[in-house]
Amino acid sequence: MNNSLSGKVLKGFSWTAIERVVSQLVIFIIGIVVARLVTPSEYGVLGILMVFINVSSVFVDSGLGNSLIYYNELKERDLRTTFSLNIFISIFLMLLIYFFSSLIENFYQLENLALYLQIISFTILFNAFVVVPTAILKVSLNFKSLAISNMCSSVASGILAIVMAYHGYGIWALIAQVMARSFLQASFLVVMSKWIPKLVFYKESCIRLYRYGINLITASCLTKITEEGISFFLGKVFSPYNLGIYTRATQFSVLPSTSIGNVIISVLFPTLSLVKDDKDKFKQIYNAIIKIMSALSMPVFVILVVIAEPFIRLVLTEKWIEVVPFLQVFCIGRLLFPVSNVTEQALNAVGRSDLFLKQQIRKMAVKAIFILPALFFDIYVVAIADALSSMAAYFITTMVARKVLNIGLLDQLRSIIWYMIFALGAGALSYYFEFFIENDYLKIIFAIIIYPLIYLLVVFSFKRTEIMNFRKLIK
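Described in the following lines is the structure provided in the data block.

Rules used in this analysis
Residues numbered from 1 in each chain as written. Predicted model: local features only at pLDDT ≥ 70, side-chain atom pairs only at ≥ 80, totals over all residues. Heavy atoms only, no water. Salt bridge = Lys/Arg side-chain N within 4 Å of Asp/Glu carboxyl O. Buried < 20%, exposed > 50% of the residue type's maximum accessible area, 1.4 Å probe, protein only. Helix = DSSP H or I, 4+ residues; strand = E, 2+ residues; numbered from the N terminus. Axes fitted to C-alpha atoms, helices over the stretch in contact; angles between N-to-C directions. Parallel < 35°, antiparallel > 145°, perpendicular 65-115°, else oblique. Contact = heavy atoms within 4.5 Å. Nonpolar A, V, L, I, M, F, W, Y, C, P; charged D, E, K, R; others polar. Expected span 1.5 Å × (residues − 1). Core = buried A, V, L, I, M, F, W, Y, C linked by side-chain atoms within 4.5 Å. Patch = residues over 30% accessible without salt bridge, like charges linked within 9 Å, V, L, I, M, F, W, Y side chains within 5 Å. Areas by Shrake-Rupley, 256 points an atom, 1.4 Å probe, with all protein chains shown as cover. Lys, Arg positive; Asp, Glu negative; His and termini not counted. Charge placed at Lys NZ, Arg CZ, Asp CG, Glu CD.

With that settled, consider the pattern of salt bridges. In the structure shown here, the tally under the stated rule is 5 salt bridges. The residue Glu318 makes a salt bridge to Arg313 at a minimum N-O spacing of 3.4 Å. Residue Arg313 is classed as partly exposed on the basis of its relative accessible area of 26%. Of the charged contacts in the structure, one is a salt bridge between Arg313 and Asp440, with a shortest N-O distance of 3.0 Å. With Arg313 in helix α13 (residues 279-315) and Asp440 in helix α19 (residues 440-462), the pair connects residues that are 127 residues apart, well separated along the chain. Here the salt bridges share partners, and the residues they tie into one network are Glu309, Arg313, Glu318 and Asp440.

Bringing the packing of helix α7 (residues 131-139) against helix α8 (residues 143-166) into the picture now. Remark: α7 packs on α8, axes separated minimally by 8 Å, with the N-to-C direction vectors making an angle of 140°. Here α7 is positioned oblique relative to α8, judged by the angle of their axes. Within the contact between the two elements, α7 uses Thr134, Leu137 and Lys138 and α8 uses Phe143, Ser145 and Leu146. When grouped by side-chain class, the residues that make up the contact of α7 with α8 number 3 nonpolar, 2 polar and 1 charged.

Because each turn of an α-helix spans 3.6 residues, side chains separated by three or four positions end up pointing in the same direction. Compared with the 20 Å implied by 1.5 Å per residue over 14 residues, the 20 Å span of helix α11 (residues 240-253) between its first and last C-alpha is a close match. Along α11, the residues that are buried comprise Pro240, Leu243, Gly244, Ile245, Tyr246, Thr247, Arg248, Ala249, Phe252 and Ser253.

Residues Leu113, Ile120, Tyr246, Ile312 and Tyr455 are the most contacted members of the largest nonpolar core, which totals 115 residues. No other element matches the 19 residues that α13 contributes to this core. Apart from residues no more than four positions distant in its own chain, Ile120 is found in contact with Leu46, Leu49, Met50, Ile53, Ile175, Val178 and Met179.

The next point concerns a nonpolar patch on the surface. On the surface, Ile91, Phe92, Leu95, Leu96, Tyr98, Phe99, Phe100 and Leu103 cluster together into a nonpolar patch covering about 840 Å² of accessible area. By secondary structure assignment, the location of Tyr98 is in helix α4 (residues 76-108). Using a relative accessible area of 47% as the deciding quantity, one classes Tyr98 as partly exposed.

Positive charge collects at one region of the surface, where Lys358, Arg362, Arg402 and Lys403 lie side by side. Looking at the positive patch, the elements that each hand over two or more residues are α16 (353-374) and α17 (379-405). By the secondary structure assignment, Lys358 is in helix α16.

Next up on the list: unusual backbone geometry. Its identity is not glycine, yet Gln109 carries a phi of approximately 55°, on the positive side. Overall, the relative accessible area of 61% leaves Gln109 in the exposed class. One non-glycine residue, Asn112, lies in the positive phi region at around 70°. Position of Asn112 relative to the elements: it lies in the loop between α4 and α5 (113-120). By relative accessible area, Asn112 is classed as partly exposed at 34%.

Written out as structure tokens, the structure is:
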């Protein structure tokens, strides 16, 4: 990797890190404020709405965005074809939701659900404008523009949600936040990419992009349908209230992945795509990243387990206290998720989207086998099943990728197992000492100060050289 490219990669990490920290902090604070102003049931209704938006957004992307990044080219024919197909699919899906919205409302027996669906479906169209500009900026390694667009859209939409929730708009405040963020993000990205969208379709470009993207879109659809299908049935089998609790716990439990994980993942895929032909350099970067991902993300998951109860009680109030056990179970279950995510991106970077699809099919099958029977029991049993399937997903992904990435399951476990042991050990000590503290504020302060000190002391005692060499390995 030449000096110019190294500089762009390091700048990419820097800007993506800034964006993730700022955006997640803003989203975190806004989420807390809004949660205090709305009810778990209203969050549950939003969860039902997002089932259809999230699944539709996968079809809108169609895997072509990642195809543009993989080929590392910005041919105008490919860009216009991707955009035209995105727009066509988004309009089709909006119409589909519009015509079936009444049936969906009758299925859930929730007043005004059809109207909510019809309004929020415009988010699908906004998302169609995001795919091509995002690919352009990533291929150019222009993560600064991506960061600015994400931060600005998150802040503006969050402020709108707070104002509306404060004035009693409830579910409409949540819907407005989702729609405003998508609209603003699309607007910023189009302007910053300096690309003018045009509706022109080239059959040859579509076929070329789909050769790589078809496995990704199939895997993404399978994943979203399975994951959102859980929310779909939870809202019906149990209640919007229970879905709201479940959804809120899920949102908090993915913070380590969406903050730390996405910083690395956002830069990882385009970077590994550039060095995919240099096997030694590729493996070196991949190995370094799974280690640093483990070192950074695992302690965050554990500390969320330690402070879950005082944290939820203080920031969301007592009405959300049922989130605590779900949050703790999800965090433990997702300890290995960021590492698995790195492996998935590495598979895509070397062009093995077929293996990405293969491991995704197996993971979703295992998830369904775990969760479907749990639906006949308590919602907490569903959460445990979800966590177990998340742990199993790591082993499935690593086993499928081991030959292509030249690293076996045992070798990878040896690379990351000590970070897990350090994180869990430090967490156990912090959790024990908290039993002697009654005040919730003091519990959180104690955990935030003592836990990192214990963890860092142990890590730097045993893995100092490994941590200090990370920047050097990437460069």
